[in-house]
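Chain residues, written in single-letter form:
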Number of protein chains: 2
Amino acid sequence: MSKIVQVDEVEYEEVEWGLTKELIAPQTVGSKKIKVKITEYLPGHTHKLHMHPNQEEVIFVLSGKGIAEIQGERGEIGPGSVVFISAGEPHITSNLSQSESLKAVIIKAPPNDEEVQT
Amino acid sequence: MSKIVQVDEVEYEEVEWGLTKELIAPQTVGSKKIKVKITEYLPGHTHKLHMHPNQEEVIFVLSGKGIAEIQGERGEIGPGSVVFISAGEPHITSNLSQSESLKAVIIKAPPNDEEVQT
């Protein structure tokens, strides 16, 4: 499998809160410990409260502005914000802009886990 | 510990091939499965051939241009290139520019491992 992926050559898939593309995953490059995606939270959209019981997550914001809420604590996020979510922590990511996407690199370890609505 | 880190608020440390800053790590946010850094490979510098026996690595290029070599296969990298290195694979990252840094998000799982010169 290819070991160098070009972001622009991978197509987005639609999800409830926007668009996402898997760059590094078991099915793209054979990773076992890590997954890397690009996600765009579309204007006005929210990835509602949920948690992953066994998976750590990092949201590295590339562009746009929004709110991250982890365990009930809220913080503004924008370019250069890096959010860490421990396994089992309920969290929400919201794009409060009505015009611009909130674009971020999403990193998960291990690559796959349940998403539990809380 | 803080769960939202701002890239610009973390200072760089000097390493042999450039500058690096740890954003997400056991000692910064208490992560157990993942480490996220920003690294700048300075103009003309190379992180020479090495491998991590048990750790997967992803290099997500933000700016600049260089060469990634994994298991002897070479590829050009620039903004939007995402390199995946399996555990145990010998690899080299070089900045061939004489004027511009090669800046990348470095992701590792698990967070810590040996660096073995090969």
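A.B. asks: Would you explain the interface of chain A and chain B in this entry?
C.D. replies: How big an interface is tends to be stated in terms of accessible area lost as the parts join. Between chain A and chain B, the contact holds 30 residues from the first and 30 residues from the second. If one sorts the elements of the side of chain A that touches chain B by residue count, strand β9 (residues 81-85) of chain A sits on top with four residues. For strand β1 (residues 4-6) of chain A and strand β9 (residues 81-85) of chain B, the ladder comprises three bridges, and the chain directions are antiparallel. By the bridge assignment for β9(B), A:Val5 is matched with B:Val82.

A.B. asks: Sorry, what's going on with the relation of the copies chain A and chain B here?
C.D. replies: Relating one copy of the chain to the other requires a rotation about an axis plus a shift along that axis. Mapping chain A onto chain B calls for a screw motion: a turn of 180° about the axis and a shift of 0.0 Å along it, with 0.0 Å RMSD after fitting. In short, the pair behaves as if placed about a two-fold rotation axis. When C-alpha distances to the rotation axis are compared across chain A, the minimum falls at A:Ala109, with a value of 3.5 Å. When the interface residues of chain A are mapped onto chain B, 100% of them are again interface residues, pointing to one common binding face.

Conventions and cut-offs
Residues numbered from 1 in each chain as written. Chains lettered and ligands numbered in written order. Predicted model: local features only at pLDDT ≥ 70, side-chain atom pairs only at ≥ 80, totals over all residues. Contact = placed C-beta atoms within 7 Å. Helix = DSSP H or I, 4+ residues; strand = E, 2+ residues; numbered from the N terminus. Pairing = 2+ DSSP bridges. Least-squares fit on C-alpha atoms with pLDDT ≥ 70 in both.

So, to be careful, I would describe these as geometric facts and stop short of saying anything about function.
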